[in-house]
Amino acid sequence: MGKYATAYSNHENQISEAESLTPRDLAVVISFSGETRFIVQLVKVLKKRGIPIVAITGNEKGYLAQNAKQIIKVSSCKLESFKSPILEEINMLSVINSIYLVYSIVFKNSEGYQTNKGGS
């Protein structure tokens, strides 16, 4: 959709990417709690480099949210009785998918984006 984006599941790669960003870039950091040791480390690297942060989080008082330029708050509901973070994951994925859908509609309308409906 006309934007360069990278995503890494590996923490070391995320830190390396953060260290290569410039203040003209934007970091979208996704963390339900915003308080894990890795997220705190990543946010410190981003802040040191002057990278604006958009936080997608369920904890608006967490370290991530407190250091973000913008916060997209997801539901903070979780199931304490289960060891699985399934509800937190569903909350996060719902917001991320919604952002993608809205952006794709805006991009399509503003850029005259054409899809290939013929399949070739």
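Computed from a predicted model, the values in this text were never measured in an experiment.

Asks: Explain the overall build of the protein here, please?
Replies: When helices and strands are tallied, the protein shows four helices and three strands. Tracing the protein from N to C terminus, the helices and strands come up as α-β-α-β-α-β-α. Across the 120 residues in the protein, those meeting the buried criterion constitute 29%. The long-range fraction of contacts in the protein, counting pairs at least 24 apart against all pairs at least 6 apart in sequence, stands at 57%. When the accessible surface of the protein is split by element, carbon and sulfur atoms take 54% of a total near 8700 Å².

Asks: Quick question: what am I supposed to make of a nonpolar patch on the surface here?
Replies: On the surface, Leu26, Val28 and Ile30 cluster together to form a nonpolar patch covering roughly 270 Å² of accessible area. Within the fold, Ile30 resides in strand 1 (residues 27-30). Under the relative-accessibility criterion, Ile30 is labelled partly exposed at 43%.

Asks: What exactly am I supposed to notice about the pairing of strand 2 (residues 53-57) here?
Replies: Every other side chain in a regular strand lies on the same face of the sheet, so the side chains alternate between the two faces. The buried count for strand 2 comes to five of five residues, which makes it a mostly enclosed element. Here strand 2 shows a buried face lined by Ile53, Ala55 and Thr57 and a second buried face lined by Val54 and Ile56. Across four bridges, the pairing between strand 1 and strand 2 is parallel. Across the sheet, the residue bridging to Ala27 is Ile53, located in strand 2. For the crossover from strand 1 across helix 2 (residues 37-48) to strand 2, the handedness is right-handed. In this structure, strand 2 lies alongside strand 3 (residues 70-73), joined through four bridges in parallel fashion. Residue pairing for strand 3: Val54 is matched across the bridge by Gln70.

Asks: Would you mind going over helix 2 with me for this structure?
Replies: In an α-helix, one turn spans 3.6 residues; hence positions three or four apart end up facing the same way. The terminal C-alpha atoms of helix 2, which comprises twelve residues, lie 17 Å apart, in line with the 16 Å expected from a rise of 1.5 Å per residue. Of the surrounding secondary structure, the elements contacted by the buried residues of helix 2 are helix 1 (11-20), strand 1, strand 2 and helix 3 (63-66). One or two positions beyond helix 2, positive phi appears at Gly50, with a value near 75°.

Asks: Explain the confidence of the model for the protein here, please?
Replies: Keep in mind that low pLDDT regions are not for reading the predicted coordinates in detail. On average, residues of the protein score 86 in pLDDT, and 86% of them are at 70 or above. Taking the mean pLDDT of every element in the protein, the minimum, 85, falls on helix 4 (residues 86-111) and the maximum, 98, on helix 3.

Calculation criteria
Residues numbered from 1 in each chain as written. Predicted model: local features only at pLDDT ≥ 70, side-chain atom pairs only at ≥ 80, totals over all residues. Heavy atoms only, no water. Helix = DSSP H or I, 4+ residues; strand = E, 2+ residues; numbered from the N terminus. Buried < 20%, exposed > 50% of the residue type's maximum accessible area, 1.4 Å probe, protein only. Contact = heavy atoms within 4.5 Å. Areas by Shrake-Rupley, 256 points an atom, 1.4 Å probe, with all protein chains shown as cover. Patch = residues over 30% accessible without salt bridge, like charges linked within 9 Å, V, L, I, M, F, W, Y side chains within 5 Å. Salt bridge = Lys/Arg side-chain N within 4 Å of Asp/Glu carboxyl O. Pairing = 2+ DSSP bridges. Right-handed = clockwise from strand over helix to strand, strands pointing away. Expected span 1.5 Å × (residues − 1). pLDDT = per-residue confidence, 0-100.

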